[in-house]
Amino acid sequence: MGRDLSLAPCGLVVERVETGAAGLLIVARPALTTAACPTCGSASTRIHSTYQRSLADLPAQGRAVRISVRTRRFRCALPTCGQRIFTERLVATAARPFARRTTRLEGIVHHLGLALGGRPGQGFARRLLLPVSKDTLLRVVRRHAAAPAEAPRVVGIDDWAFKRGQRYGTIICDLERRRIIDLLPDREAATVAAWLTARPSIAVIARDRGAGYIQAASEGRPEAIQVADRWHLMENASAAFLTAIQRSMQAVRNAVGADVIDPTVLSCAERRQHSGWLRREEENAAILALAKQGVAIKEIVRRTSKSRGLVRQVVRGGRTDVFRSRLCSLDPFLKHLDMDWTNGCRNGAALWRRVKAAGFAGGLRVVAEWATRRRKEEATTPGSARPRKAPSARDIARMMTTERDALSKTAARTMAIIEVAVPALVTARDLMDRFHGMIQRRMSADLEPWVTDAMPGLLGSFAKGIIQDRAGVHAALTQPWSNGQTEGQNTKLKLVKRQMYGRAKLDLLRARLLGPA
Ligand SMILES: [Zn+2]
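Residues numbered from 1 in each chain as written. Predicted model: local features only at pLDDT ≥ 70, side-chain atom pairs only at ≥ 80, totals over all residues. Heavy atoms only, no water.

### Quick notes on helix 1 (residues 103-116)
For step 1, the next point in the chain: Here helix 1 spans 20 Å end to end across 14 residues, near enough to the 20 Å set by a 1.5 Å rise per residue.
For step 2, the next point in the chain: Three or more residues of helix 1 are buried, namely Leu105, Glu106, Val109, His110, Leu112, Gly113, Leu114 and Leu116.
For step 3, the next point in the chain: Note on helix 1: the residue one or two positions beyond its end, Gly117, has a positive phi of about 80 degrees. (Helix = DSSP H or I, 4+ residues; strand = E, 2+ residues; numbered from the N terminus. Expected span 1.5 Å × (residues − 1). Buried < 20%, exposed > 50% of the residue type's maximum accessible area, 1.4 Å probe, protein only.)

See below:
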């Protein structure tokens, strides 16, 4: 008769241990001699009958372990109680009612399921001698996830990448209790609206400025206060300023001088491509501006009459190359050409023969054009081998928002030229600064004057967007709530997703993130 308590979970007394082909069998009984009636609560010692309950347990000494517990049925001690006979419950540290596994095994299975998911978890469990299938793993994870949440009052809604760039879901946080309360499989307005409708306790909804969540909040909880996210508002203002610069690039180039890309130093083919590029840049800026306002791709296609594929490409950040194809064939030989040129070989035909010997497959014209361009370059920019580059729209945005003193002399001069030549950009910059200041200092009284001032200028479409979301923006200036926390939770979610080696299924993520913190 073994009395080694360490073999069985707390609350059970080991009677004996049997070794068989299947592993160890621990025969045990509950340590307590009484049990409380589940109906009236009175303790009883009157045993009615017994039966064997079988529990899978953690492996020991390289063997699978089962515990056979002699479980008792008691007669209720209270004569007036409706419950005549009841089955004793094991202490929670041993096993839950009706469980087929000990609590300590269930805990390990739960963590395994969370960390690895079903199928990989099953393979690993077999190695650990844990008797569980992949379905069991998932079932255990889901059971533990079904924790009832308190009714939320203030929620933050944001999207999250299920699969980066491909599939997005929605993350919802309880902003008062600072925890994730749900993950939804997509970011469709209908899905989110249905979720909100089912939770009448929600009074405040913090969300970004995407059209989808505005619609969802308005339909799902029309009476709730919507708060536009302050961080997104700041971002949107900066993006609107950048768009304003992009749309003014032609004027900026004219002001700074021909040194952006001097069309006279380009070959014919490049010149065609360059003017095409300028046109494309303007188209891109227009498409991006619409996308920033949250206009759906379908609608952008309709308004710009560009193809759907093209619009998608631009929105994703493609299509920014200046010269394509033509220079590519020569690219690997540029170093070679450069060396020959520096060594004094200035004849197109002679240069072509040399690169041809080095493996260049293209025609004489390509090399001759390169030589012509090179000659012009040296004539127009004495002392420098490469043409100077004008600042990009992004650089201009940065320099226009930096104190003049902090800029280099050249940059300061360039900025001065741009600001004199394109005063609308200065106005746009000042409006953006005012907007940022208003958000940071929560000056709700400044909102209407700002909109009035911004409507006619380069930030007009951004101002229009603000008007459309006026209540949300006003709430952002008056309410204490912000979605910043949701963004933080989103980071946590990304981390967990990564730990799960990309095998993250929605329900497992939910289980892992929604459980008691
Ligand atoms: Zn009773």
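### Comments concerning the packing of helix 6 (residues 230-247) against helix 14 (residues 393-400)
For step 1, the next point in the chain: Packing of helix 6 against helix 14 leaves a shortest axis separation of 9 Å and a crossing angle of 125 degrees. When the interaxial angle is binned, helix 6 and helix 14 end up oblique. Along this stretch, helix 6 crosses helix 14, giving a crossing that reads as right-handed. Contact residues: Phe241, Leu242, Ile245 and Gln246 in helix 6; Ala393, Arg394, Ile396, Ala397 and Met400 in helix 14.
For step 2, the next point in the chain: When the residues that make up the contact of helix 6 with helix 14 are grouped by side-chain class, the tally is seven nonpolar, one polar and one charged. (Axes fitted to C-alpha atoms, helices over the stretch in contact; angles between N-to-C directions. Parallel < 35°, antiparallel > 145°, perpendicular 65-115°, else oblique. Left-handed = near helix turned anticlockwise from the far one by under 90°. Contact = heavy atoms within 4.5 Å. Nonpolar A, V, L, I, M, F, W, Y, C, P; charged D, E, K, R; others polar.)

### Points about a positive patch on the surface
For step 1, the next point in the chain: The grouping of Lys298, Arg308, Arg312 and Arg316 at the surface amounts to a positive patch.
For step 2, the next point in the chain: Take Arg312: its relative accessible area is 36%, and that puts it in the partly exposed class. (Patch = residues over 30% accessible without salt bridge, like charges linked within 9 Å, V, L, I, M, F, W, Y side chains within 5 Å. Areas by Shrake-Rupley, 256 points an atom, 1.4 Å probe, with all protein chains shown as cover. Salt bridge = Lys/Arg side-chain N within 4 Å of Asp/Glu carboxyl O. Lys, Arg positive; Asp, Glu negative; His and termini not counted. Charge placed at Lys NZ, Arg CZ, Asp CG, Glu CD.)

### Some words on the environment of Ala193
For step 1, the next point in the chain: Inspection of the secondary structure assignment puts Ala193 in helix 4 (residues 189-197).
For step 2, the next point in the chain: If sequence neighbours within four positions are ignored, Ala193 has contacts with Ala216, Glu219 and Gly220.

### Let's talk about the environment of Val14
For step 1, the next point in the chain: Its location among the elements puts Val14 in strand 1 (residues 12-20).
For step 2, the next point in the chain: For Val14, a relative accessible area of 2% puts it in the buried group.
For step 3, the next point in the chain: Taking the C-alpha atoms as reference points, Val14 and Val27, separated by 13 residues in sequence, lie 6.0 Å from one another.

### Brief notes about the packing of aromatic side chains
For step 1, the next point in the chain: Scanning the entire structure with this criterion turns up five aromatic pairs.
For step 2, the next point in the chain: Considering the side-chain rings of Trp341 and Trp370, the 5.7 Å spacing of their centres and the 85 degrees angle between planes classify their relative orientation as edge-to-face. With a gap of 29 residues between them, Trp341 in helix 11 (residues 334-342) and Trp370 in helix 13 (residues 364-380) connect regions that are remote in the sequence.
For step 3, the next point in the chain: For Trp370, a relative accessible area of 6% corresponds to the buried category.
For step 4, the next point in the chain: Relative to Trp450, the ring of Phe435 has its centre 4.8 Å away and its plane inclined at 55 degrees; by these criteria the two rings are tilted. With Phe435 in helix 16 (residues 423-440) and Trp450 in helix 17 (residues 447-454), the pair connects residues that are 15 residues apart, well separated along the chain. You'll find Phe435 and Trp450 in the same group, each marked buried. (Phe/Tyr/Trp six-rings, centres within 6.5 Å; stacked < 30°, edge-to-face > 60°.)

### Thoughts on the coordination of the zinc ion
For step 1, the next point in the chain: On the protein side, the zinc ion has Cys37 (SG), Cys40 (SG), Cys76 (SG) and Cys81 (SG) as donor atoms, found 2.3 to 2.4 Å from it.
For step 2, the next point in the chain: Geometry at the zinc ion is tetrahedral, judged from the four donor atoms that bind it and their angles of 98 to 117 degrees at the metal.
For step 3, the next point in the chain: Mapped onto the polypeptide sequence, the residues donating to the zinc ion form the spacing pattern C-x2-C-x35-C-x4-C. You can see Cys40 sitting in the loop between strand 3 (35-36) and strand 4 (43-44) and its partner Cys76 sitting in the loop between strand 6 (63-75) and strand 7 (85-87), a full 36 residues away along the chain. (Donors = N, O, S within 2.8 Å, 3.2 Å for Na, K, Ca; no water. Tetrahedral: all angles 85-135°; square planar, octahedral: opposite > 155°, others 65-115°.)

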